[in-house]
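So the chains spell out like this:
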Amino acid sequence: MPSFKLKRILFKFLSLISVIRGYNILVLIVAQYLAAIFIFSPKKSLRNILFDVDLFYIVFATVCVVAAGYIINNFYDVRVDRINRPLKSNLDNYVKQSTRLNLYFALNFLGFILGWLVSWRAALFFAVYIFAIWFYSHKLKKYPLTGLISATVLTILPFFAVFIYFKNFSKIIFVHAIFLFLVIMVRELIKDLQNMKGAIVNNYDTFPVKYGESKTKYLSISLLLLTLFPVGFLLQYPALSYMQYYFYLALVTLIFIGFYLWKSTERNQYRMLHNVLKLLLLVGVLSLVFIDTSLLVEKVIDRLN
């Protein structure tokens, strides 16, 4: 009996992690702190950043509202996920729908309060973000262009909370954001190709459903070609240091994705491409530490002292 209860608790925990996309939340936390350390405030010591209470509130608030966003998105996509992700859908069902909705409201409230502790502007930012995620899940994602653009913007937007907090408006940050925007939009298009079956059954008018696979591939490859401009611009910056090798890797990877995407016709092929793009974005996050290795050493030494 204790073993059965333990297994049930474990499944519920895994179900909850699945609903809030625990992997994505962890990557988000790491990305925000690495961006704060190496991009937004390179002159601040590691100690000052890690023990910055307001930054902690912003990151924590972001985690809360993004996790809540995954919950409400899961709520509206329950029928779609039964077709596109049957295993994940079965795991998600270990936590009651009512429990998930209660957690949704609790996380949003906590995120807003944490934002308020920083400033009324931060609270307003998170309030707008909460509404935007709900509106996307409820309406926008069912339509081709609005769904595609809003999904991309909502993915990048959490970083603007940290960006605005440090008030670092350098050109390199904006160009990097353009690169991320293009790559994430391609990832969304490939994900829509992967999930076409569920979208058709549930009357979701996504880009591939509306315009077909060929036009979706044309748009994706056009966006991949556009990434050459921000990458070329970033490679001219000496301050990029060893992170330049990430962008060389990104160029090779994106060229591979373009060729492979054009030949792809099956769901498993689209899934593979989607996972490659997710891995590329993860490597990009971890590569932030190579922007200036001397800076990393200085910050660690300062922390030890």
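That block above? That's the structure.
So, a few notes on the structure that sits alongside this text.

Parameters at a glance
- Residues numbered from 1 in each chain as written.
- Predicted model: local features only at pLDDT ≥ 70, side-chain atom pairs only at ≥ 80, totals over all residues.
- Heavy atoms only, no water.
- Axes fitted to C-alpha atoms, helices over the stretch in contact; angles between N-to-C directions.
- Helix = DSSP H or I, 4+ residues; strand = E, 2+ residues; numbered from the N terminus.
- Parallel < 35°, antiparallel > 145°, perpendicular 65-115°, else oblique.
- Contact = heavy atoms within 4.5 Å.
- Nonpolar A, V, L, I, M, F, W, Y, C, P; charged D, E, K, R; others polar.
- Patch = residues over 30% accessible without salt bridge, like charges linked within 9 Å, V, L, I, M, F, W, Y side chains within 5 Å.
- Areas by Shrake-Rupley, 256 points an atom, 1.4 Å probe, with all protein chains shown as cover.
- Salt bridge = Lys/Arg side-chain N within 4 Å of Asp/Glu carboxyl O.
- Buried < 20%, exposed > 50% of the residue type's maximum accessible area, 1.4 Å probe, protein only.
- Core = buried A, V, L, I, M, F, W, Y, C linked by side-chain atoms within 4.5 Å.
- Phe/Tyr/Trp six-rings, centres within 6.5 Å; stacked < 30°, edge-to-face > 60°.

1. Here we look at the packing of helix α9 (residues 144–156) against helix α13 (residues 207–226)
- Put simply, α9 and α13 touch, their axes get as near as 10 Å, and they point 60° apart. In terms of orientation, α9 lies oblique with respect to α13. Packed against α9, whose contacting residues are Pro144, Leu145 and Leu148, the element α13 presents Phe207, Lys210, Tyr211 and Leu219 at the interface.
- Classifying every residue of the contact of α9 with α13 by side-chain character gives six nonpolar, no polar and one charged.

2. Some thoughts on the packing of helix α7 (residues 97–118) against helix α8 (residues 120–138)
- Where α7 contacts α8, the two axes come as close as 5 Å, and the packing angle between them is 155°. Between α7 and α8, the angle is such that the two are roughly antiparallel. Here α7 contributes Tyr104, Asn108, Gly111, Phe112, Gly115, Trp116 and Val118 to the contact with α8, which in turn contributes Trp120, Ala122, Ala123, Phe126, Ala127, Ile130 and Trp134.
- For the contact of α7 with α8, the class distribution of residues is 11 nonpolar, three polar and no charged.

3. A short note on a nonpolar patch on the surface
- Side chains of Phe109, Phe112, Ile113, Trp116, Leu117, Trp120, Leu124 and Val128 sit close together on the surface and give an oily, nonpolar patch of about 840 Å² of accessible area.
- Mapped by element, the contributors of at least two residues to the nonpolar patch are α7 and α8.
- Within the secondary structure layout, Leu124 lies in helix α8.
- Residue Leu124 is classed as partly exposed on the basis of its relative accessible area of 46%.

4. Focus: the nonpolar core
- If you look at the biggest cluster of nonpolar residues, it comprises 78 residues, and the most contacted ones within it are Leu55, Phe179, Ile190, Phe247, Leu254 and Leu277.
- Not counting the four nearest positions on each side in its chain, Leu55 is found in contact with Tyr33, Ala36, Ile49, Val162, Tyr165 and Phe166.

5. Digging into the side chain of Ser264
- In this structure, Ser264 sits in the loop between α15 (244–263) and α16 (267–286).
- Residue class for Ser264 comes out buried when judged on its relative accessible area of 0%.
- The contacts of Ser264, once residues within four sequence positions are left out, are Lys217, Gln269, Tyr270 and Leu273.

6. Some points on the packing of aromatic side chains
- Taken as a whole and assessed by the stated rule, the structure comprises 15 aromatic pairs.
- Taken together, a centroid distance of 6.5 Å and an interplanar angle of 5° make the contact between Phe125 and Tyr129 stacked. Pair noted here: Phe125 and Tyr129 are both in helix α8, with a separation of four residues, about one helical turn. One exposure class covers both Phe125 and Tyr129, and it is buried.
- Members of the aromatic cluster, connected to one another through ring pairs, are Phe56, Tyr57 and Phe60.

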